[in-house]
Amino acid sequence: MKLAVSGKGGVGKTTFSSLLARTLSDQGKIVLAIDADPDANLAAALGIADADKITPISEMKDLIFERTGAQPGTIGGFFKLNPKVDDIPDTLSTKLGNIRLMRLGSVKQGGSGCLCPESTLLKALITHVVLGRNEVVIMDMEAGIEHLGRATAQAVDKLIIVVEPGRRSIETAGQIKRLAGEIHLKNLAVVGNKIRGPKDEAFLRENLKDFEFLGFIPYDSDLIEADLSGVSPYETAASAKQVVEDIIKGLSV
């Protein structure tokens, strides 16, 4: 099962991704977690010690030069467009239980779509992870799907958009849906987060009628406290964990 998680910043998609990964790990599944959002920290949400010391792949200059034949930060020129990446998930990931984590980082020059060695390596890595690996893959992505191309989109089993009751969150969900349509990624679903009651759930259903809903995670101050304390939400959020378990059953992971 290959799952991509997206949504507006602050809606709780990294929290949801971590709960998904930790729950699956406890169920005995082998999970490859990909932090593809430069502004998020999936490692800390998972409860990995020294999460801030994990070097993103995009900042591994020696690796990029070794695999592409070009120095990071250069645009154009000659470099390998199909670099070797199949060993990276096993050798350059951090392990927690049944979970392996990789941080992709960002491409600072020219954007994620630039023709540069960093971007080429990251795209090749994502393609391999989605098409060539046989474990559960969970990708925590920024408010878009920049790292996915047409080839990889066809192999993503579900793009899960995390939303909260709010107009901007709903607008972002619509933008992500349009981007997904451009690369023919059709398996979209929504998870409602920070739900205070039936009115919030009804609000989301009314404004996102064209989406499949996987579940609704209740507002829980324990999740906020976990984040402030640097503790994995998996250790504190019993109600959210139950919703995530039900979502996993529905996904048949």
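Residues numbered from 1 in each chain as written. Predicted model: local features only at pLDDT ≥ 70, side-chain atom pairs only at ≥ 80, totals over all residues. Heavy atoms only, no water.

A.B. asks: So, the confidence of the model for the protein: which residues are in play, and what are the values?
C.D. replies: Here the protein averages 90 in pLDDT, and 95% of its residues register 70 or above. Mean pLDDT across the elements of the protein bottoms out in helix α9 (residues 221-229) (80) and peaks in helix α8 (residues 198-207) (98). Taken together, the stretch residues 109-113 has pLDDT below 50 and engages in 9 contacts with residues farther than four places along the chain or on a different chain. (pLDDT = per-residue confidence, 0-100. Helix = DSSP H or I, 4+ residues; strand = E, 2+ residues; numbered from the N terminus. Contact = heavy atoms within 4.5 Å.)

A.B. asks: Help me get a handle on the sheet that holds strand β4 (residues 99-103), residues and values and all.
C.D. replies: Across the sheet, 8 strands lie side by side as β3-β4-β2-β5-β1-β6-β7-β8; this open sheet has mixed pairing. Strands at the two margins of the open sheet, each flanked by one partner only, are β3 (94-96) and β8 (213-218). Each strand of the sheet is rotated relative to its neighbour by a mean of 20°, with strand direction disregarded. With 3 bridges joining them, β3 and β4 adopt antiparallel strand pairing. Following the sheet pairing, Thr94 is matched in β4 by Leu101. (Pairing = 2+ DSSP bridges. Axes fitted to C-alpha atoms, helices over the stretch in contact; angles between N-to-C directions.)

A.B. asks: Tell me about helix α3 (residues 61-68), and name the residues and values.
C.D. replies: Residues of α3 that are buried: Leu63, Ile64, Arg67 and Thr68. Seen from one end, α3 has its buried residues packed into an arc of 105°, which puts them on one side. Opposite the buried face of α3, by more than 90 degrees, sit the exposed residues Lys61, Asp62 and Glu66. Its buried side turned inward, α3 meets α4 (88-91) and α5 (117-132). One or two steps after α3, the chain reaches Gly69, where phi turns positive at roughly 80°. (Buried < 20%, exposed > 50% of the residue type's maximum accessible area, 1.4 Å probe, protein only. Arc of directions from axis to C-beta.)

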